[in-house]
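Structure at a glance
Below, each chain spelled out in residue letters.
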Amino acid sequence: MTAKTLLIRNADVIATQDEQRRELAHASLYIRGGVIEAIGAMADLPAEADEVINAAGHVVIPGLVNTHHHMYQSLTRALPSAQNAELFGWLKTLYPIWGGLTPEMIHVSTQVAMAELLLSGCTTSSDHLYIYPNGVRLDDGIEAARQIGMRFHAARGSMSVGESAGGLPPDRLVEREDAILKDTQRLIETHHDEGRYAMLRVVAAPCSPFSVSRDLMRESANLARALRTRMHTHLAENDHDVAYSREKFGMTPAEYAESLGWVGDDVWHAHCVKLDAPGIARFAATGTGVAHCPCSNMRLASGIAPIRKMLDAGVPVGLGVDGSASNDAAHMLNEARQAMLLARVGRALEHFGCDHGPREMTARHMLDVATRGGARVLGRDDIGHLSVGMAADLAIFDTRSLGFAGGAVHDPVGALLMCASATTAYTVVNGRVVVRGGQLTTVDLGPLVERHNRLAVQLANAAR
């Protein structure tokens with residue numbers, strides 16, 4: 001069968017995010033079979049393709065990469081009982097509600113979360129599913145991703161230490177550790193694709209220091225490395241998280257992670273808001289990645305992660321929207337904008353009275369984190385920038401829209417993060433147009449949202 005071709009014609013700018021960070025004016029891009037075959041002036045590219053998109057008046061960027069999410073949480077957005085709590089109180093409020101999750105809820109909420117991501121320019125996402133009541137399996141999310149067309153890193157999360165053993169989650173929501181490891185192995189052996197351009201990879205992902213044992217952390221690391229996949233967990237999210245590690249383990253979170261083999265270029269940790277200077281240095285030396293989740297960190301009042309310090313030290317950093325119940329949104333372009341603004345505030349507070357903030361975290365710095373940074377954190381060398389031989393994952397924004405008025409005429413790339421966060425005109429994943437004219441092409445969004453809302457009410461009511 002002949003591979004399908006796609007031509008993106010005459011974009012105002014293509015921000016390649018390649019090694020030279022080239023921004024090509026009045027450029028075009030030619031895709032064959034899910035891979036970029038040519039990029040440059042239209043005169044140098046084939047004039048015809050199976051599908052042609054006229055990108056005049058548009059800016060093209062690599063698909064954004066989301067390195068941390070809990071997609072099922074879109075069912076519990078904005079619940080009044082959890083709106084004004086910090087992390088531990090927030091979890092204790094929501095655990096009993098999440099105990100009512102069903103396979104149908106996982107499938108539907110995953111597609112809703114992915115729809116939101118795709119419409120915001122995100123083409124690759126991780127999802128950390130760590131709660132498995134009522135027959136829920138990670139396979140439910142995997143099937144949802146296949147249908148909607150998103151490149152997916154499915155993280156097999158887990159909780160094994162309940163309240164009676166000094167953990168945070170209710171005992172009824174934890175699993176036996178042998179069952180966790182067996183299912184993680186099954187998922188990796190069944191679904192994981194370590195090949196170039198893989199649409200699906202599986203990750204070993206015990207939930208957090210306050211919900212799993214040291215043994216499970218060690219054995220999960222051993223399993224992941226034996227099966228050549230990656231490892232993910234939460235770390236150093238807020239002051240209570242740090243206090244728990246010091247009290248229970250006599251170590252900082254970074255020391256705890258290292259003692260269990262959870263550092264290395266095959267590991268990434270979510271949040272790291274309270275990662276200290278020695279921890280940053282160790283992460284940099286070992287290539288350990290960080291998923292930065294600014295909106296969630298603000299929503300839960302966890303603090304401002306020292307992202308500039310991490311980047312300066314050489315820590316791999318990507319962006320994550322985190323769960324939809326601790327962010328209440330999953331708009332990746334907006335997450336990048338918030339990350340840029342929050343980094344400026346954080347830097348200014350460190351250097352009070354000095355003009356450090358704006359210069360040290362620019363729109364282009366953060367676009368780099370949201371694309372190349374995320375690809376590095378997920379261990380991918382086939383996504384994150386646009387050049388010949390890379391996966392054809394990209395987002396196309398119409399700069400003639402209201403939110404860009406007066407901005408894109410000066411700097412269309414900078415305007416993506418400086419101006420109001422837009423939805424995409426087109427999103428392409430693996431050469432397939434999954435958003436066209438601002439509308440999803442792979443699922444019917446209206447009925448999906450209707451079904452999702454019914455399930456959200458059902459889930460909340462069942463816990464009363």
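Everything here concerns the structure above.
Residues numbered from 1 in each chain as written. Predicted model: local features only at pLDDT ≥ 70, side-chain atom pairs only at ≥ 80, totals over all residues. Heavy atoms only, no water.

Overview of the layout of surface pockets
Computed from the structure, the largest pocket encloses a volume of approximately 290 Å³. Forming the walls of the largest pocket are 16 residues, and the residues nearest its centre are Arg21, His365, Asp368, Val369 and Arg372. Per element, the largest residue contribution to the lining of the largest pocket is 7 residues, and it comes from helix α13 (residues 363-377). Residue composition of the lining of the largest pocket, grouped by class: 5 nonpolar, 4 polar and 7 charged. (1 Å grid on protein atoms, 1.4 Å probe; cavity = no way out; pocket = protein on both sides within 12 Å on 5 of 7 lines; lining within 4 Å. Points joined across faces, edges and corners; volume = space filled by probe spheres on them. Helix = DSSP H or I, 4+ residues; strand = E, 2+ residues; numbered from the N terminus. Nonpolar A, V, L, I, M, F, W, Y, C, P; charged D, E, K, R; others polar.)

Digging into the side chain of Glu335
Here Glu335 lies in helix α11 (residues 332-350). At 9.9 Å, Arg77 is the nearest oppositely charged side chain to Glu335, a buried residue that forms no salt bridge. With sequence-adjacent residues up to four places away left out, Glu335 is seen in contact with Cys293, Pro294, Cys295, Leu319, Gly320, Val321 and Asn327. (Buried < 20%, exposed > 50% of the residue type's maximum accessible area, 1.4 Å probe, protein only. Lys, Arg positive; Asp, Glu negative; His and termini not counted. Salt bridge = Lys/Arg side-chain N within 4 Å of Asp/Glu carboxyl O. Contact = heavy atoms within 4.5 Å.)

Let's talk about the nonpolar core
Judged by nonpolar contacts, the single largest core of 120 residues is most densely connected at Trp90, Trp98 and Leu101. Looking at which element gives the most residues to this core, the answer is helix α2 (residues 103-119), with 10 residues. In this structure, Trp98 is in contact with Tyr72, Gln73, Thr76, Trp90, Leu91, Tyr130, Ile131 and Pro133, ignoring residues within four places of it in sequence. Core analysis: the next-biggest nonpolar cluster, separate from the first, contains 22 residues, Leu24, Ile36, Val60 and Leu394 among them. (Core = buried A, V, L, I, M, F, W, Y, C linked by side-chain atoms within 4.5 Å.)

A short note on the pattern of salt bridges
Under the criterion given, the structure shown has 29 salt bridges. In this structure, Glu175 engages Arg156 in a salt bridge whose closest nitrogen and oxygen atoms are separated by 2.9 Å. Residue Glu175 is found in the loop between β8 (151-158) and α4 (177-191), and its partner Arg156 is found in strand β8; the two are separated by 19 residues along the sequence. Overall, Arg156 belongs to the buried group, its relative accessible area being 3%. Arg228 serves as the salt-bridge partner of Glu194, at 3.0 Å between the closest nitrogen and oxygen.

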